[in-house]
Amino acid sequence: MVEITIDGNKVEIPEGSMVMHAAHKLGLYVPHFCYHKKLSIAANCRMCLVEVEKAPKPMPACATPVSNGMVVHTASAKAVAAQKSVMEFLLINHPLDCPVCDQGGECQLQDLAVGYGASASRYQEEKRVVAHKEMGPLVSAEEMQRCIHCTRCIRFGQEIGGIMELGMLNRGEHAEITSFVGRAVESELSGNMIDVCPVGALTSKPFRFTARTWELARRRSVSPHDSLGANLVVQVKSDRVMRVVPFENEDVNECWISDRDRYAYAGLYTEDRLKHPMVKGEDGQWREASWSDALQAVVRGVNHVREHYGADQIGALGSQTATTEELALLARLARALGSENVDFRLRNIDPDLDHALTGVPWLGMSIAEMAQLDRVLVVGSFLRKDHPLMAQRLRQAAKHGTQISFIDSAGDDPLFPVSGRITVVPSQIPNAVAEVLVALAQARGEPLPAVLDKVQPTDAARSIAASLASGERVGVLVGNMAVASDKATLIAANASSLAHALEGKFGFLIPGGNTVGGYLAGATPGHGGLSATQMLSKPLKAYLVVHAEPACDADNGALAVDVLKAADFTVALTSYRSAAQEWADIMLPISPYTETSGSFVNAEGRVQSFKGATAPYGDTRPGWKVLRVLGNLFQLPGFDDETSESVRDTVMVGGADSRLGNEVRGEMGLAAAPGGLERVADVPIYRSDALVRRSEPLQATLASQPPTARMHSATLTSLGLQSGDSVRIRSAQGQITLLAQHDDTLAQGAVRVATAFTETIALGSAFGQLSVERA
């Protein structure tokens, strides 16, 4: 530690820190543009010039290391004169169009110009003009003449996003920030460039010119789209969500959010949005109904099924993006009606996984702790797309020496150095984990379980084992694809044994925004109850479906829709007509997360509650209120809650932590060898839930381009195909026609066909055998 004096205040600061850090510790503001606490120091705007005693000239506070006894003046005549001179240079070429700038009212340059700018400019020459830059559907760069060359956006891309999508051309006043060769900005974190831009050069394309910042009310919320639970500020005008930006929470999302969190709001007010309760008549036509009539119709329909077929013919299906309160009341309603058929995990197909887990699966550590591991193995995950901000945490860890390895079926680039990788077809993932476990045991000279006696580790497995064994803080993380697999129990058992052998942490990269909350709420099958996959494999007589869009959310969407159509009575509590009108008898409009209060529980078990940011749209009602009223209309006990907080407190009795647990009862083992081509099915980042799928800006991105049949070049050759050929793909469920595309990051013998697209629903399950031929 060294002691320095800033503006007469003494402060101790770690050696190697900058003057800016010391000023922040004292709560002193030093004007700046290029400095950002999460980015490297560039020192190119010079706005933070301060007077350092015994220094011959003003020094940049962001890039001047502290030394013992240093005396700094941030607001002396010399410092202020330097800062004003810099401001004059910054404004020389800056257009004076604040009234029409989208950043007006929240612009750093505008704010500092009030304190450090002159009342008139001495610059008489022509100002530069910078041509419009096209950067894709999310980020607007139409006003790049406003750029002050702070390079925050460039550094963000390189250091946080992991990919250098923007760079600087030319020098001096001719310098321009631009994307490479006119390419769009495609990072899943690209919207954060808008937040770090201190001027109106980079702005949000969907928000652009729709509202002024001072017109917006700001409400805190939580993202429902992935298990990080990013903290958000939802900005509202006239009861309409206009923009979503990050709320800083260092323990969760730091000061970033993913583009999925930022732009999903664009799906809130589509033509597809369900405004009023709808009841299907005997003629098959939909008609609007009052809430009273629609709810009474639900009661009559469900009671008819109970009386004639029994309560065990009622199925209750939720969603991983539903609030804890909605899932708790759905489970409470189903059980009070006499049914244990309750589930919200529509993609899980391994029936043994529930029996193998002794507690509620979770990350196994805090999110901050995950970033402090020095060795990590990620099993069965499309990490960047499934968990963009967790990938960012690991990206920062990799910079500090953390070695990260993967066992997967598609070698997607995580945008950080990969220590080791095994890429196999999905059915062989448990065997790849077993190979690493055997390699570890052989390196240590330890005995092997009999079931693994014949396993011969590959060089890749030995390399991963050596990497993991060399660490002190080791983590083994099981991803979304592995959990959804028909081999989920085997993968979890092998991965858990590996983590135990390493004396490390074992956890699940939880899918969905509220999966942990769903487990805590009891929205899983009780004794004798059916799982979601079982309920959607052969029809029950009645279904209650909350927030789910089975065609795209279920493992086998085509079969799920057929089963729901075959039921006698189906009720959809949904925000969108098209999510249910094909199979439902009654549709009840319930609120998305922006219009209801509730709670989400993230992967680390953190309970985060929020209020509705806007009034309900049309006749929409919060889902928990609709379920509570249904309980009252059925005259069931236990539906007296007046607030969502009351429901939450009932769920959280005794706390969440005591119920979390990743102990796996299943036995280690090996999977059978594959018999043919296997499907690798990712859920694309912007197809993950009903709200995201309806966001036009996100659907216009490269990540949502129409699906193709991707195969390793050796697989294509063995089938007599070439990239670009039209191919017919058959599964046990059905067939589709797509274009073939070569992708050498895939395992040989695998065909990667994305799920959650209407074009691929007919193919059925995300796992299984396929046949491919030229169309």
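Data block above holds the structure.
Residues numbered from 1 in each chain as written. Predicted model: local features only at pLDDT ≥ 70, side-chain atom pairs only at ≥ 80, totals over all residues. Heavy atoms only, no water.

Observations concerning the sheet that holds strand 17 (residues 375–379)
Here is step 1 of the chain: Strand order in the open sheet formed by five strands is 19-18-17-20-21, and the pairing between neighbours is parallel. Each edge of the open sheet is held by one strand with a lone partner, namely strand 19 (420–423) and strand 21 (505–508). Strand-to-strand twist in this sheet, taken as the mean axis angle between neighbours without regard to direction, amounts to 15°.
Here is step 2 of the chain: Lying on the sheet, helix 16 (residues 488–501) is in contact with strand 17, strand 20 (474–478) and strand 21; it crosses strand 21 at an angle near 155°. (Pairing = 2+ DSSP bridges. Helix = DSSP H or I, 4+ residues; strand = E, 2+ residues; numbered from the N terminus. Axes fitted to C-alpha atoms, helices over the stretch in contact; angles between N-to-C directions. Contact = heavy atoms within 4.5 Å.)

Describing the sheet that holds strand 11 (residues 231–237)
Within a sheet, neighbouring strands are paired by backbone hydrogen bonds and run either parallel or antiparallel to one another.
Here is step 1 of the chain: Read from one edge to the other, the open sheet built from three strands follows the order 10-11-12, with strand pairing classed as antiparallel. In the strand order of this sheet, the two ends are held by strand 10 (217–222) and strand 12 (240–246), each with one partner. If you compare each strand with its neighbour and ignore which way they point, the axes differ by 30° on average.

Considering the state of the cysteines
Here is step 1 of the chain: Applying the stated criterion across every chain yields a total of zero disulfides.
Here is step 2 of the chain: No disulfide involves Cys62; its sulfur sits 3.7 Å from the nearest other cysteine sulfur, which is in Cys48.
Here is step 3 of the chain: In this structure Cys62 comes out as buried when scored by relative accessible area, which is 1%. (Disulfide = S-S within 2.5 Å. Buried < 20%, exposed > 50% of the residue type's maximum accessible area, 1.4 Å probe, protein only.)

Notes on a nonpolar patch on the surface
Here is step 1 of the chain: On the surface, Met164, Phe180 and Val181 cluster together into a nonpolar patch covering about 330 Å² of accessible area.
Here is step 2 of the chain: Structurally, Val181 is set in the loop between strand 8 (176–179) and helix 5 (192–196). (Patch = residues over 30% accessible without salt bridge, like charges linked within 9 Å, V, L, I, M, F, W, Y side chains within 5 Å. Areas by Shrake-Rupley, 256 points an atom, 1.4 Å probe, with all protein chains shown as cover. Salt bridge = Lys/Arg side-chain N within 4 Å of Asp/Glu carboxyl O.)

Section: the pattern of salt bridges
Here is step 1 of the chain: The final tally for this structure, using the stated rule, is 42 salt bridges.
Here is step 2 of the chain: Glu142 is paired through a salt bridge with Arg208; the nearest N and O atoms lie 3.4 Å apart. With Glu142 in the loop between strand 6 (139–140) and helix 4 (152–161) and Arg208 in the loop between strand 9 (203–204) and strand 10, this pair connects stretches of sequence that are 66 residues apart.
Here is step 3 of the chain: With relative accessibility at 13%, the residue Arg208 sits in the buried group.
Here is step 4 of the chain: Through salt bridges with shared partners, a single ionic network connects Asp97, Glu142, Glu143, Arg146 and Arg208.

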